[in-house]
Amino acid sequence: FSSGLTAMEKKLAEYKCNTNEAINLKLVRFPEDLEDDNTTFNPEYSHQVFGDDEVAFGYKGLKILLYYIAGNLSTLFRIEYTSKVNEKFDCVEADDVESKIREIIPPGFCTNTDDFVSLLEKEVNFKPFGMLLHTYSVHNEDAGEDIMYQIYKADMTCPGFREYHERLQTFLMWFIETASFIDVDDERWNYFLVFEKYNKDGATLFATVGYMTVYNYYVYPDKTRPRVSQMLILPPFQGEGHGAQLLETVHRYYMSSPTVLDITAEDPSENYVKLRDFVLVKLCQDLLCFSPGKLMQGFSQEMVMEAQQKLKINKQHTRRVYEILRLRATDMGDAEQSRSYRLDVKRRLIGPYKKKQRELAKMRRCLRPEELTNQLNQIDLNMQHEQLEESFQQLVSEYRRVLERLAQA
């Protein structure tokens, strides 16, 4: 009997598919893109739709096709497979893959290729939404030419934007680990969009590259504090510098507004922090308060004020910018200079430890000794020094990468 069970288990195991591999995404410009595997890309994540295992059960050779027209993101959604478990014979039911996908993509998609291709012909009418903020070009090795990109600021009053945004935001599910859809009826959202200009049969068309959403928090009595919520550059365009262009453009947009205090970010990823370090250091390096002489005198209120007033950078981020620029101005081969730098950064890093020490002292006064040992054993100072040194070294290597990118910019 037990061997029969394992045979059954083996059989069922063949009907498990990794959903990150099964989902095929495309941004289509030309009909021939549909057949070209080079234009296909896959999700990094699918756990929010298919559970932590990122598995769909019940199919062999499962393919979930989600193809988008490059500009307005009209969608083709189809499911293909070579075989499916059958309730009658296998006594198990296949996952309802279709309804899981339907939950996150808006209605009105195509289900067959012919309809999709006929929509592709109308793409020439698609134009970006909102107000043009910035145009830039990137040299493309493969094409051997400069490609033009544009960044727009849009809002829900732009005709067609609401529906377009519904299609666009589905990409968050596949590329941001903790993605969520936002409440678009809240007027405090701003949307910034990146498009590529490309040619097709002598006409100029636009392709979606990525976007950012920013929420304007109210600060008493009459200011706002924009907070970056989501940012995504679509995979075919990653690594070309669009994220930096977008973030810098957004800063420049808010810089011109007297009611904006400074810009923050919600729960930033490691990659976003790297990007922000680069952009903010690039913006700050020419401010007088960050001249090498002033950097050597330490972090100052003047830096905080100037970065906030001129560039809308908040205090915490200004401190990082200062540390990165001071590293650039420091001769780390000089014992005195490097010691001074190390102490300066470690003094900031030790802040949270010091706070813990103060809380411990407070507890000591209030608690009986045996309760205290239960509460918290004294932080081992040696460990503290080791952790501190480790944190410092890690920061310096992060900072060096930012400076390398800056040197190439």
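Residues numbered from 1 in each chain as written. Predicted model: local features only at pLDDT ≥ 70, side-chain atom pairs only at ≥ 80, totals over all residues. Heavy atoms only, no water.

Chemist: I'd like to hear about the packing of helix α9 (residues 270–284) against helix α12 (residues 315–329), residue by residue, with values.
Modeler: It is at 9 Å that the axes of α9 and α12 come closest, and there the two elements cross at 75°. In terms of orientation, α9 lies roughly perpendicular with respect to α12. Residues Val273, Arg276, Asp277, Leu280, Val281 and Cys284 of α9 lie in contact with α12, whose contacting residues are His317, Arg320, Val321, Ile324 and Leu325. Residue composition of the contact of α9 with α12, by class: seven nonpolar, one polar and three charged. (Axes fitted to C-alpha atoms, helices over the stretch in contact; angles between N-to-C directions. Helix = DSSP H or I, 4+ residues; strand = E, 2+ residues; numbered from the N terminus. Parallel < 35°, antiparallel > 145°, perpendicular 65-115°, else oblique. Contact = heavy atoms within 4.5 Å. Nonpolar A, V, L, I, M, F, W, Y, C, P; charged D, E, K, R; others polar.)

Chemist: Describe the domain arrangement of the protein chain, and please don't skip the residues or the numbers.
Modeler: When cut into domains, the protein chain gives domain 1 (7–123), domain 2 (127–267) and domain 3 (342–408). On a C-alpha basis, the centres of domain 2 and domain 3 stand 37 Å from each other. (Domains from an automatic or database assignment.)

Chemist: Outline the UniProt feature "site: Interaction with histone H4 N-terminus" (unreviewed entry) in the protein chain, supporting the account with residue identities and numerical values.
Modeler: What UniProt calls "site: Interaction with histone H4 N-terminus" (unreviewed entry) maps, in this numbering, to Trp189. As for its position among the elements, Trp189 is in strand β11 (residues 189–200). Among residues more than four places away in sequence, those in contact with Trp189 are Ile182, Asp183, Thr213, Val214, Tyr215 and Ser229. (UniProt positions renumbered as here; feature names shortened; annotations may be inferred.)

Chemist: Tell me about the UniProt feature "active site" (unreviewed entry) in the protein chain, and please be specific about residues and values.
Modeler: The feature "active site" (unreviewed entry), as given by UniProt, occupies Glu266 in the numbering adopted here. By the secondary structure assignment, Glu266 is in the loop between β14 (264–265) and α9. Looking at Glu266, the relative accessible area reads 34%, which means it is partly exposed. When sequence neighbours within four positions are dropped, the list of residues in contact with Glu266 reads Arg227, Val228 and Ser229. (Buried < 20%, exposed > 50% of the residue type's maximum accessible area, 1.4 Å probe, protein only.)

Chemist: Residue-level account of the sheet that holds strand β9 (residues 131–140), with values.
Modeler: Taken together, six strands build an open sheet; the order of strands is β9-β10-β11-β12-β13-β14 and the sheet is mixed. Only two strands of the sheet have a single partner each, and these edge strands are β9 and β14. Bridge analysis of β11 against strand β12 (residues 203–219) gives twelve bridges, and the strand direction is antiparallel. Residue pairing for β12: Trp189 is matched across the bridge by Tyr215. Relative to β12, helix α7 (residues 161–175) is tilted by about 80°, and along the sheet it contacts β10 (145–154), β11, β12 and β13 (223–233). (Pairing = 2+ DSSP bridges.)

Chemist: How would you summarise the sheet that holds strand β6 (residues 63–69) if you had to cite specific residues and measurements?
Modeler: Pairing is mixed in the open sheet, where four strands are placed in the order β3-β2-β6-β7. Strands at the two margins of the open sheet, each flanked by one partner only, are β3 (40–41) and β7 (75–80). Where β6 and β7 come together, six bridges link them in antiparallel fashion. In the sheet register, Leu65 faces β7, and the bridge partner there is Arg78. Contacting β2 (23–28), β6 and β7, helix α6 (residues 113–120) crosses the sheet at an angle of about 20° to β6.

Chemist: So what about the packing of aromatic side chains? Which residues, and what values?
Modeler: By the definition in use, this model includes 22 aromatic pairs. Ring geometry for Phe161 and Tyr164: centres 6.1 Å apart, planes at 35°, overall tilted. A residue pair is termed a helical-turn pair when its members lie 3 or 4 positions apart in one helix, as Phe161 and Tyr164 do in helix α7 at three residues. Overall, the relative accessible area of 0% leaves Phe161 in the buried class. Among the aromatic residues, those joined into a cluster by ring pairs are Phe126, Phe129, Tyr152, Phe161, Tyr164, Tyr191 and Phe195. (Phe/Tyr/Trp six-rings, centres within 6.5 Å; stacked < 30°, edge-to-face > 60°.)

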